[in-house]
Amino acid sequence: MHVTKHEHACLRLEREGKTLIIDPGTFTLPLNDLHNVVAVVLTHEHPDHWTSQHLSRILETFPNIPIYGPEGVVRAAAGFDIREVSPGDKVEAGPFVLEFFGGRHAVIHESIPVIDNVGVLVDGEFYYPGDSYTVPKGADVKLLAAPVGAPWLKIGDAIDFVFAVKPRRVFSTHDMTLSQAGLSMGRERLTWAAEQNGGEFVALDPGDSTDI
């Protein structure tokens, strides 16, 4: 599997000539050079994880592909045909097997309602939690996309999340809210966390890729 990090929380996964897109939102530049997109996953309804413009552009070229998201996304993206998924669901999209975990967004503040959120495990080896610290129990995660900067995120909790998942490799995502200094500091902390369980950190900037 070939994994490309785009701006903020957007990810592109490619396998057997097919493409899966995850969380194209407001901080993500238009996705060009897409090939054989078979599905889109939206982990939750916040605009930094999806926009109607991104979905419309993708669907213009790849009509009728499934878009998966939790109940909150179904409501927020009412103009699109969203296929509702919940924790425990497993679906196939082209060569990809998607398993969903969690159910709720991390708490930002007690004054802000907690919304639906699903983490997605792809082919049992790549995991992205959306805006949560949900651990995919029982999975042997080869590559983890770990959020590193957000209003709901404390770096100590991000370290504990990497401890709990025990990935073989990890890279940081959800990072457009950080300065370069803040991003560097967050990456250093995740590097240390990964190494405690024999894993390694991979530094990916927007447009960079790695393989599983």
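Please read all numbers here as calculations on a predicted model, not as lab measurements.

Turning to the sheet that holds strand β5 (residues 67-69), a few remarks are in order. An order of β6-β5-β4-β3-β2-β1-β14 is seen for the seven strands of this open sheet, with the pairing classed as mixed. Pairing within the sheet leaves two strands with one partner each, and these edge strands are β6 (82-84) and β14 (209-211). Between one strand and the next, the sheet's axes are offset by a mean angle of 25°, whatever the strand orientation. In this structure, strand β2 (residues 11-15) lies alongside strand β3 (residues 18-22), joined through five bridges in antiparallel fashion. Its bridge partner lying in β3, Leu11 is registered against Ile22. Taken strand by strand, helix α1 (residues 52-61) contacts β3, β4 (37-41) and β5, and its axis lies near 165° from that of β4.

Inspection of the secondary structure assignment puts Lys142 in the loop between β10 (126-128) and β11 (143-147). Here the alpha-carbon distance between Lys142 and Glu125, two residues 17 residues apart in the chain, equals 5.0 Å. When sequence neighbours within four positions are dropped, the list of residues in contact with Lys142 reads Glu125, Arg168, Arg169 and Ile212.

What follows covers the pairing of β3. Counted residue by residue, β3 has four buried out of five residues, so it is predominantly covered. Sheet topology places β3 next to β4; four bridges connect them, and they run parallel. When the bridges of β4 are listed, Thr19 appears paired with Val37.

Rules and cut-offs
- Residues numbered from 1 in each chain as written.
- Predicted model: local features only at pLDDT ≥ 70, side-chain atom pairs only at ≥ 80, totals over all residues.
- Heavy atoms only, no water.
- Pairing = 2+ DSSP bridges.
- Helix = DSSP H or I, 4+ residues; strand = E, 2+ residues; numbered from the N terminus.
- Axes fitted to C-alpha atoms, helices over the stretch in contact; angles between N-to-C directions.
- Contact = heavy atoms within 4.5 Å.
- Buried < 20%, exposed > 50% of the residue type's maximum accessible area, 1.4 Å probe, protein only.

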